[in-house]
Amino acid sequence: MGSIPDPGELTQLEQPSFDEFQRQTSLMTSCTLLWKELSDHINSLEQNLMKQSETLKRKIETLDSETKASLDSLKKREVSIEDSVKIALRKVEFCTKAAMRTLAAADDVEENPDGEVDDGDGLLQRLKSSCLKMEAKEFWNFVTGKKKEIDLLREKVPEALSECIDPARFVMEAISEVFPVDKRGNEGGSDLAWACVLILESLIPVVVDPVIGKSRMLVTPSMKQQAKDIAETWKKSLEERGGIENVKTPDVHTFLQHLVTFGIVKKEDLEFYRKLVVASAWRKQMPKLAVSLGLGDQMPDMIEELISKGQQLDAVHFTYEVGLVDKFPPAPLLKAYLRDAKKAAASILDDPNNTGRAGQLAARKEQSALRAVIKCIEEYKLEAEFPPENLKKRLEQLEKTKTEKRKPIIVPANKRTRANNGGPMPPAKAGRLTNAYVSSFPAPPPFVRSPSHTQYPAAVPGYPSPPPPAMYGSRSPPTNPYAYSPEAAPPPLAGPYPGAPMNYPAYGGYGNGLAPAYQQAYYR
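In this report, the structure presented in the accompanying data block is examined. (Residues numbered from 1 in each chain as written. Predicted model: local features only at pLDDT ≥ 70, side-chain atom pairs only at ≥ 80, totals over all residues. Heavy atoms only, no water.)

**Digging into the packing of helix α5 (residues 167-174) against helix α7 (residues 221-240)**
Definition in use: Between the N-to-C directions of two axes lies an angle of 0 to 180 degrees, each axis being a line fitted to C-alpha atoms and, for a helix, fitted only over the stretch in contact. Secondary structure elements are defined from DSSP: runs of H or I of at least 4 residues count as helices, runs of E of at least 2 residues count as strands, and each element is numbered from the N terminus. Geometric relationships in this document are graded by angle, where less than 35 degrees denotes roughly parallel, more than 145 denotes roughly antiparallel, 65 to 115 denotes roughly perpendicular, and other angles denote oblique. It is the rotation of the near helix from the far one that decides the hand of a crossing: anticlockwise by less than a right angle makes it left-handed, clockwise makes it right-handed. Note on contacts: a residue pair is in contact if any heavy atoms of the two residues lie within 4.5 Å. In this classification, the charged set is Asp, Glu, Lys and Arg, the nonpolar set is Ala, Val, Leu, Ile, Met, Phe, Trp, Tyr, Cys and Pro, and all remaining amino acids, among them Gly, are polar.
Where α5 meets α7, the axes come as close as 10 Å, and the angle between the chain directions of the two elements is 25 degrees. When the axis of α5 is compared with that of α7, the two are roughly parallel. The element α5 and its partner α7 pack so that their crossing is left-handed. For the pair formed by α5 and α7, the contact residues are Ala-168, Arg-169 and Met-172 on the first element and Met-223, Gln-226, Ala-227 and Ile-230 on the second. Broken down by class, the residue content of the contact of α5 with α7 amounts to 5 nonpolar, 1 polar and 1 charged.

Shown next as structure tokens:
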């Protein structure tokens, strides 16, 4: 066995090697780098936690403020219910008494059976009469018959609807003939969606709460449920008509206005509403309806979609409605719209299927685009960004060209040759010459008359035979193309002709003195 060294005995220390030193140095460097990496990671976590804490704090403050505002609104609504109900009851009582008075005096009032109204006051009285009696059918027929006075209707219908005991029920009954489904069938006739939209728009100020405003509509729960059922019926009929792509824009407008008027917008259907709005974006009221439907947050995406579809003009209207003019400047959009219109006009000219009227269609396309852009510039005061002078000059130039093309062209008389015997015949379309009397028939027999005409006792004196017109002898136009004086027109021919018949030189092919086979039918 080896001896155990004495701990107190001095032993010789081994000299550390250079490799060991490098190993220790590398280990220290690795530990230092790892420590630095861990420190940076911990600092980053602390910063993220602080940011999240600040964000959470702001959200809590926002939630507290929104909660306080909601509680205040609920309190205000609760306090205002009693006042709103009192106002509604007084209104119902007033309308009931007015309706009773109207019914009692109906026999004594002289009404116009044809429905003719001379002025705005008469129109208002007629509308109020139907509303007081709750005669929705009569009201609908009267409104639809006054489309030419739509501005006056838009002014008077809200005042008339305020006379109804139940305006919401009255409006739904009035438009039920064509909405949600047109009950007129194949014999429906003209589109009456304009009347539906007008009446639904006019109902909004009538059902708004008089105390707290548009945040609460005075529509009973039963009427609101009926409005929801009508909306669902329209959606089902949309599927039967082939989807959003095949539905008419006026019908879409009526449906969306129905949702806004009765306050029955569903958050789960926002994507459906978005598709409807984009498909009918050219409608003037669509930007406002989109905001009322709760699509304000989706407006930037909708505007970009319109631009990608080449509907820059509609995109401009949407940008002004939601205040995104800085993000979507209108002047470049309008210029792009005009460029697309010119390209479309050029494609029309190149289309072989439009050979006959390609120029007219192309000019009409460009004129429509110019008018729309000029109107948009004037509406939004964009003269400084996009001066319209050049656009107006171009529009005047197109209209002038169109007017010049419409001017009649007088073709000078020339000598035409018949194919059968080479004899001369009247010039083509000679009857279009001003006051020129040209006949291709030989002189009629002196006593031929129509059996259906009455024989007058006094004979009409005949006009002297004029000299033969000299318009067929040469290719140059005659110096006097009028066979008769333009001041004296011949009287209508009737009865027997005691005077000598008018004699004209016989044309080639008619020189044998025989009348053509259709001459007897001509005089019958």
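**Examining the nonpolar core**
Grouped burial of nonpolar side chains is what soluble globular proteins tend to show. Stated precisely, the cut-off is as follows: Here, nonpolar core refers to any group of buried Ala, Val, Leu, Ile, Met, Phe, Trp, Tyr and Cys residues whose side-chain atoms link them within 4.5 Å. When accessible area is computed with a 1.4 Å probe and restricted to protein chains, residues below 20% of their type maximum are described as buried, those above 50% as exposed, and intermediate ones as partly exposed.
Formed by 90 residues in total, the largest nonpolar core has its most connected members in Phe-139, Leu-161, Phe-255, Leu-256 and Phe-318. Examining the composition of this core, we find that 10 residues originate from one element, helix α6 (residues 193-207), more than from any other. Dropping the residues within four chain positions of it, Phe-255 is found in contact with Phe-179, Ala-231, Trp-234, Lys-235, Phe-272, Tyr-273 and Leu-276.

**Looking at unusual backbone geometry**
Cis peptide bonds are those with omega within 30 degrees of zero, and the linkage from Phe-179 to Pro-180 qualifies with 10 degrees. Tracing the backbone through its elements, the reader meets Pro-180 in the loop between α5 and α6. Although it is not a glycine, Met-134 adopts a positive phi angle of roughly 55 degrees. Residue position: Met-134 is located in the loop between α2 (120-132) and α3 (136-144).

**With respect to the pairing of strand β2 (residues 213-217)**
The condition is simple: When DSSP finds at least two bridges between two strands, those strands are taken to pair.
Direction of pairing for strand β1 (residues 208-209) relative to β2: antiparallel, over a ladder of 2 bridges. Note on β2: the bridge partner recorded for Val-208 is Met-217. Joining the antiparallel neighbours β1 and β2 is a turn of 3 residues.

**Section: the packing of aromatic side chains**
This is how it is decided: Any two rings among Phe, Tyr and Trp, with Trp reduced to its six-membered ring, count as a pair given centres within 6.5 Å; such a pair is stacked if its planes are under 30 degrees apart, edge-to-face if over 60, and tilted if neither.
One pass over the structure, following the stated rule, counts 5 aromatic pairs. Where Phe-139 meets Phe-170, the ring centres are 5.0 Å apart and the plane angle is 65 degrees; that geometry is what we call edge-to-face. On the criterion of sequence distance, the pair formed by Phe-139 in helix α3 and Phe-170 in helix α5 is long-range, its members being 31 residues apart. A relative accessible area of 1% means that Phe-139 is categorised as buried. Phe-170 gets classed as buried once you look at its relative accessible area, which sits at 0%. With 6.1 Å between their ring centres and 55 degrees between their planes, Phe-272 and Tyr-273 make a pair best called tilted. The residues Phe-272 and Tyr-273 share a single accessibility class, namely buried.

**Things to note about helix α11 (residues 299-308)**
Stated formally: For this quantity, the arc is that covered by the directions from the helix axis to the C-beta atoms.
Turning to α11, its buried residues number three or more, namely Met-299, Pro-300, Met-302, Ile-303 and Leu-306. The buried residues of α11 all sit within an arc of 160 degrees when viewed along its axis, so they share a single face. The elements touched by buried residues of α11 are α9 (270-279), α10 (286-292) and α12 (312-322). Backbone geometry just downstream of α11 places Gly-310 in the positive-phi region, at approximately 80 degrees.

**Details of the pattern of salt bridges**
Rules: Only one rule defines a salt bridge in this text: a Lys or Arg side-chain nitrogen within 4 Å of an Asp or Glu carboxyl oxygen.
Across all of its chains, the model carries 22 salt bridges by this definition. Measuring nitrogen to oxygen at the nearest pair gives 3.9 Å for the salt bridge that ties Glu-138 to Arg-126. One end of the pair, Glu-138, is in helix α3; the other, Arg-126, is in helix α2, and 12 residues separate them in sequence. Judged by relative accessible area, Arg-126 falls into the partly exposed class, the value being 24%. Ionic pairing is found between Lys-266 and Glu-232, a salt bridge with its closest N-O pair at 3.0 Å. Of this pair, Lys-266 sits in the loop between α8 (249-262) and α9 while Glu-232 sits in helix α7; the two residues are 34 residues apart in sequence, bridging distant segments of the chain. For Lys-266, a relative accessible area of 29% gives the class partly exposed.

That's the geometry; what it means functionally is another story.
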